[in-house]
Amino acid sequence: MQELIQIFGRFHPLVLHAPIGMLGAMAIIEMLSLKRSDESVRRVFTGLAWLTSLAAIVSVVSGWVLAREGGYDQTIVDRHFNLGIATAVLSLLLAISSHFKAHASPRRGLLVLTLLVLVPTGHFGASMTHGEDFLLEPLANKGMADTKHDTTIEAAADNPSQPMRESPAAKVSTAALTGNAIGTSPLVPTDGSDIYTKEIAPIFNDVCVKCHSASKMKGGLSLHTPDAILLGGDSGSALEPGHPDDSEMLIRIRLPVPHKDHMPPKGKPQPTDAQIAAIEAWIKAGAPMPSSTTSTAAAPDHANIAASETATPESKPADSKATTNVAATTKPVNATEAKATEAAPSNPAGPTPASAEAIAAIRSSLVHVEPLAADSTLLVVSFNAIAPTVDDAMAAKLLLPIKDNLADVSLGRTKVTDKIADLLATMPRLRRLDLRATPITPAAINTLAKSSSLQELILAQTKLCDDIAPALCGMTSLTHVYLWNAGVSAQSIAKLRTDRPDLDVDAGDRLVTQNLGTEDPLKFSSDAPLPAVSIAAPASLEPINKVCPVTGNPINPKYLVLYDGKVVGFCCPNCAKDFWTDPEACLAALKGK
């Protein structure tokens, strides 16, 4: 049944064109009726109006089902869906108004309003499937073509005998990427991440980003930023730096175009041979990117750069290793920029607020998000409400756009694996992380050890082992770790506590008791018995009478009453109840009998 519902949702691109065409036909009929008013024309209009409203409702429902599959920017989805509902409601009102023969103004007004609402509805739909710049893209391309100039390639000048093929995406020769012309053995580029910016990113923008961007993540994959590329998609990693033949991205590009797994899909713009060769050489060179830490190309020493940036001008020796690394891997700066850098404060400012679209996408997924404090741009995010449905792809999709603002992330009891650790370790302000009852392994802890901000780590109810102890010991910023039922032995926990006395290790093995005080003895306001109730114990449980004091019938042992130290028997519960209205009179009557 679930499969049939999914198929129904995928009919949305087909069904949505029906109300659009019929609304256009109704507009033509209405214009014709201005010249010739005929009952048959009105009937045709009415019939089309009801068919339009029905088709609009089916489009809304099928679109809602399709949106549940994910892979689209939730903000754009919400706008498209709300406008679609508005179009359906207006179509229904239009169908009703078409029955009013005497008054044409409401019908015509609703028709114009429906057509106006239809325009932004279609625009947001196209933005989801073709990209946000789909409508005005030809104008942008024309402007780029008018201002674009041929780039001089130094590699071609050095080796003019070799043929040179150019990438149409950026007018940059693939020889600049490989160090030689196509056909020769590629060399590791010396300009590192510049290759990605100048050559690879334009290729992705031309043929990939329309379906793999922040607003539309087909297959959970986005290729619009280096971090998104490294994160991969639902099928795993998109590329393997240094190994083009093992990179899923290149494997799918090389498949025959009719193949169902070929990317880009049949009918979409395809990369040229030069572009494919450029991507292959880039991956073989280590896939260097501006924010990549896995590139095999010459990369800056990040630790030394950080040290040189935070040091004061007086403490920076001219011949220090940090200065050497920075000079070798960064562009020269002019005197003005140098003075501005020296004048800048050593402590970085707080993060800019997270985008409203990213927050809306998180909340629409039923994930809790709130500021860390009233005046803070740092965020607390918890997946607890939907934990059983959360995997690496979903968590990464929601957290990546706000990773610089995250201070507290709760992923407890979700299905996240070691893959998410790469993203978590790059969050610069993450202080608390909850990974309880997740299927992580020691490899994730080794990755998280790279974090310099993590202070509290919850690993309870996981299936780890003693191998994580060294990694935890090396996390100097860590102050609290929770390891109960985490698979870590008592010996390793004891050693961790010895090696890191400043680290609070909660393994559930410390019984802490504290006397919080004792209550004073109970004191009653009075020791007197309750009114009309005797608390004296009877000398015997045998009733003092054989006949009921109310009716004179033989007593039933089931109905006994204790009064003034005596057990009195009755024949029924009603007599026992009557006894309490005047006990002394009943006892006096009993004595008479």
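Sequence order as written defines the numbering, with residues in each chain counted from 1. With pLDDT at 70 or above as the cut-off, local features in this predicted model cover only qualifying residues; side-chain atom pairs require 80 or more to be listed or tallied, and sums for whole chains, interfaces and linings still use all residues. Note: side-chain values were computed over all heavy atoms of the structure, leaving out hydrogens and water.

**Some points on the pattern of salt bridges**
By definition, a salt bridge exists where a carboxyl oxygen of Asp or Glu is found within 4 Å of a side-chain nitrogen of Lys or Arg. Counted under the stated rule, the structure contains 12 salt bridges. Arg 436 is paired through a salt bridge with Asp 434; the nearest N and O atoms lie 3.0 Å apart. Taken together, the shared-partner salt bridges in this structure form one network comprising Glu 30, Arg 107 and Arg 108.

**Brief notes about the confidence of the model for the chain**
Parts of the prediction with low pLDDT should not have their coordinates interpreted in detail. Residue-level confidence of the predictor is summarised by pLDDT, bounded by 0 at the bottom and 100 at the top. Mean pLDDT over the chain: 75, with 73% of residues reaching 70 or higher. Two residues qualify as a contact provided that any one of their heavy atoms is within 4.5 Å of a heavy atom in the partner residue. Under a pLDDT of 50 for its full length, residues 147-191 has, in the predicted model, 67 contacts with residues more than four places off or in other chains. Within the model, the stretch residues 291-349 combines pLDDT values under 50 with 39 contacts to residues more than four positions away or in other chains.

**Some words on unusual backbone geometry**
For the peptide bond that leads from Met 263 to Pro 264, omega is -5 degrees, which places it in the cis range. Mapped onto the elements of the fold, Pro 264 is located in the loop between helix H12 (248-254) and helix H13 (273-284). Even without being a glycine, Leu 366 presents a positive backbone phi close to 65 degrees. Structurally, the position occupied by Leu 366 is in the loop between helix H17 (356-364) and strand E3 (368-371). Taking the relative accessible area as the measure of exposure, Leu 366 reaches 60% and is therefore exposed. With phi around 55 degrees, Asp 564 is a residue other than glycine that occupies positive phi space. Helix numbers and strand numbers start at the N terminus; a helix is a DSSP run of H or I with at least 4 residues, a strand a run of E with at least 2. Within the secondary structure, Asp 564 sits in the loop between strand E10 (556-563) and strand E11 (566-570). Categorising residues by exposure relies on relative accessible area from a 1.4 Å probe, with only protein chains included: less than 20% of the type maximum marks a residue as buried, more than 50% marks it as exposed, and the intermediate range marks it as partly exposed.

**Describing the pairing of E11**
Every regular strand shows the same layout, with side chains that alternate between the two sheet faces. Summarising burial for E11: four of the five residues are buried, a large majority. Inspection of the sheet shows E10 paired to E11 by five bridges, in the antiparallel sense. By the bridge assignment, Val 561 is partnered in E11 with Val 568. Hairpin connection from E10 to E11: two residues lie between these consecutive antiparallel strands, with Asp 564 at a positive phi of about 55 degrees. DSSP-based pairing: two strands are paired if at least 2 bridges between them are found.

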